[in-house]
Amino acid sequence: MSDSSDEQARAGQDTERPTEADSEDVEALRKQVEEKYDFDDFGPADMAEMTAEEWDVAFDEESWITGAELLDRVERDLRSRVATRDVFARVERNRNPPRVLAYSDEGYAIVYPDGSVEGEGTVLRDVKPTVALCSMDSYEVPESVPDNPLPEPDAVPEGGGELGNRMLQVIAGVQLLAGVAMLAGAVFALLDVFGLGGPGANIEFLVVGGLAFVGVSLVLFFTVANARLSDKFRAEEYRDRLRAVGLEDGERPEFVPELTPENDRADGEREDTDEVGA
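The model shown is predicted, which means the values in this text are computed figures rather than measured ones.

Caption draft 1: Representation of the overall build of the chain. When helices and strands are counted, the chain shows 8 helices and 5 strands. Counting over 278 residues, the chain shows a buried share of 33%. In the form shown here, the chain has an accessible surface area of approximately 17,200 Å², with 53% of it arising from carbon and sulfur atoms.

Caption draft 2: Examining a nonpolar patch on the surface more closely. Together, Leu176, Val180, Leu218 and Phe221 make up an exposed nonpolar region whose accessible area comes to about 320 Å². Put simply, the parts of the chain that give the nonpolar patch at least two residues each are helix H7 (162-191) and helix H8 (203-244). Turning to its location among the elements, Phe221 is positioned in helix H8.

Caption draft 3: Layout of the UniProt feature "transmembrane region" (unreviewed entry) in the chain. UniProt's entry tags residues 170-191 and 203-224 with the feature "transmembrane region" (unreviewed entry), counted in the numbering of this structure. Across residues 170-191, helical content stands at 100% and strand content at 0%; the span's end C-alpha atoms are separated by 32 Å.

Caption draft 4: Focus on the pattern of salt bridges. Tallied over the entire structure, the rule returns 5 salt bridges. The salt bridge involving Asp72 is made with Arg93; its shortest N-O contact spans 2.5 Å. With Asp72 in helix H5 (residues 67-83) and Arg93 in strand S1 (residues 90-95), this residue pair connects regions lying 21 residues apart in the sequence. With relative accessibility at 30%, the residue Asp72 sits in the partly exposed group. For Arg93, a relative accessible area of 17% translates into the label buried. Between Arg125 and Asp126 there is a salt bridge, with the nearest N and O atoms lying 3.4 Å from each other. Judged by relative accessible area, Arg125 falls into the partly exposed class, the value being 47%. When its relative accessible area of 18% is taken as the criterion, Asp126 is described as buried.

Caption draft 5: Inspection of the packing of H5 against helix H6 (residues 121-134) at higher detail. H6 packs onto H5 with a crossing angle of 130° between their chain directions and a minimal axis gap of 9 Å. Relative to H6, the element H5 is oriented oblique. Classified by chirality, the crossing of H6 by H5 is right-handed. Residues Leu70, Arg73, Val74, Asp77, Leu78 and Arg81 of H5 form the contact with H6, whose own contacting residues are Val127, Thr130, Val131, Leu133 and Cys134. Of the residues belonging to the contact of H5 with H6, the class tally is 7 nonpolar, 1 polar and 3 charged.

Caption draft 6: Looking closely at the side chain of Ser116. In this fold, Ser116 is placed in strand S4 (residues 116-120). Here Ser116 falls in the buried class, since its relative accessible area comes to 3%. There is a polar contact of 2.7 Å between the side chain of Ser116 and the side chain of Asp114.

Caption draft 7: Examining the environment of Thr223 more closely. As for its placement among the helices and strands, Thr223 is situated in helix H8. On the accessibility criterion, Thr223 (37% relative accessible area) is partly exposed. Along the chain, Thr223 and Leu168 lie 55 residues apart, while their C-alpha atoms are 8.5 Å from each other.

Caption draft 8: Examining the nonpolar core more closely. The biggest cluster of nonpolar side chains holds 37 residues, and the ones touching the most others in it are Val74, Leu78, Val100, Leu101, Val111, Val117 and Val127. Secondary structure elements with two or more residues in this core: H5, strand S2 (98-103), strand S3 (107-111), H6 and H8.

Caption draft 9: Up close: unusual backbone geometry. Residue Pro97 is bonded to the preceding Asn96 through a cis peptide linkage, with omega at 0°. Inspection of the secondary structure assignment puts Pro97 in the loop between S1 and S2. We note that Arg85 has phi near 65°; this positive angle belongs to a residue other than glycine. Among the secondary structure elements, Arg85 is positioned in the loop between H5 and S1.

Criteria and cut-off values
- Residues numbered from 1 in each chain as written.
- Predicted model: local features only at pLDDT ≥ 70, side-chain atom pairs only at ≥ 80, totals over all residues.
- Heavy atoms only, no water.
- Helix = DSSP H or I, 4+ residues; strand = E, 2+ residues; numbered from the N terminus.
- Buried < 20%, exposed > 50% of the residue type's maximum accessible area, 1.4 Å probe, protein only.
- Areas by Shrake-Rupley, 256 points an atom, 1.4 Å probe, with all protein chains shown as cover.
- Patch = residues over 30% accessible without salt bridge, like charges linked within 9 Å, V, L, I, M, F, W, Y side chains within 5 Å.
- Salt bridge = Lys/Arg side-chain N within 4 Å of Asp/Glu carboxyl O.
- UniProt positions renumbered as here; feature names shortened; annotations may be inferred.
- Axes fitted to C-alpha atoms, helices over the stretch in contact; angles between N-to-C directions.
- Parallel < 35°, antiparallel > 145°, perpendicular 65-115°, else oblique.
- Left-handed = near helix turned anticlockwise from the far one by under 90°.
- Contact = heavy atoms within 4.5 Å.
- Nonpolar A, V, L, I, M, F, W, Y, C, P; charged D, E, K, R; others polar.
- Polar contact = N/O pair within 3.5 Å; in protein donor to acceptor, adjacent residues only side chain to side chain.
- Core = buried A, V, L, I, M, F, W, Y, C linked by side-chain atoms within 4.5 Å.

Laid out in structure tokens, this is it:
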């Protein structure tokens, strides 16, 4: 009876022990994941596309970074992304309790030391992949980042690309002068002024060519005007969003929770709480 029990126990251990074939399958899947995803530019779309099996082989749970180091890395990475306009959010580091808070006029995200994230809106969507990447030791986080990556509303310029607009204006001006010159030549040829109305004069070509040059110049002038108007509207919209997140009055939006020990969340309290690797 005892020998039979020992054999069953050994058989159970053998079935639980990963075989060489299983290891080869895991390595093959890991290689496919590394070829499929660019982890230096890992974003929300990649995160949504990745399956549970791909996630398990891509991220080793035992090597994840957590605690204060994770919050430091998340804070620096988010500030860097805000500075480069990849993410729009105010980033705040809370010491008691230890949290990283990112919020905008359209949502917020709270990052906890264990790697879990809760929140709502577009900010939550942008923060999740950042936390996943910062949890990996192989991911390099920027060392030098600005403390205030968002500009003051009044410091936002009306728009960029002024050099390109001026070049288009110069080209449009040249096209307009050429068109006017060709139309004037057609008129002179029609009136036989300055001897331009001889047998070799092609009045139709001058008219069609002049109208074409004038038309192109008008299109270019309209493009420049539309670009400047669009830049102005975008700049004003950006200023409004900066004011909405409290850059002028210092107040957070009403939907952003206060980070205090008294109202700190309990584990599993919210449905929109996600943990890295879950």
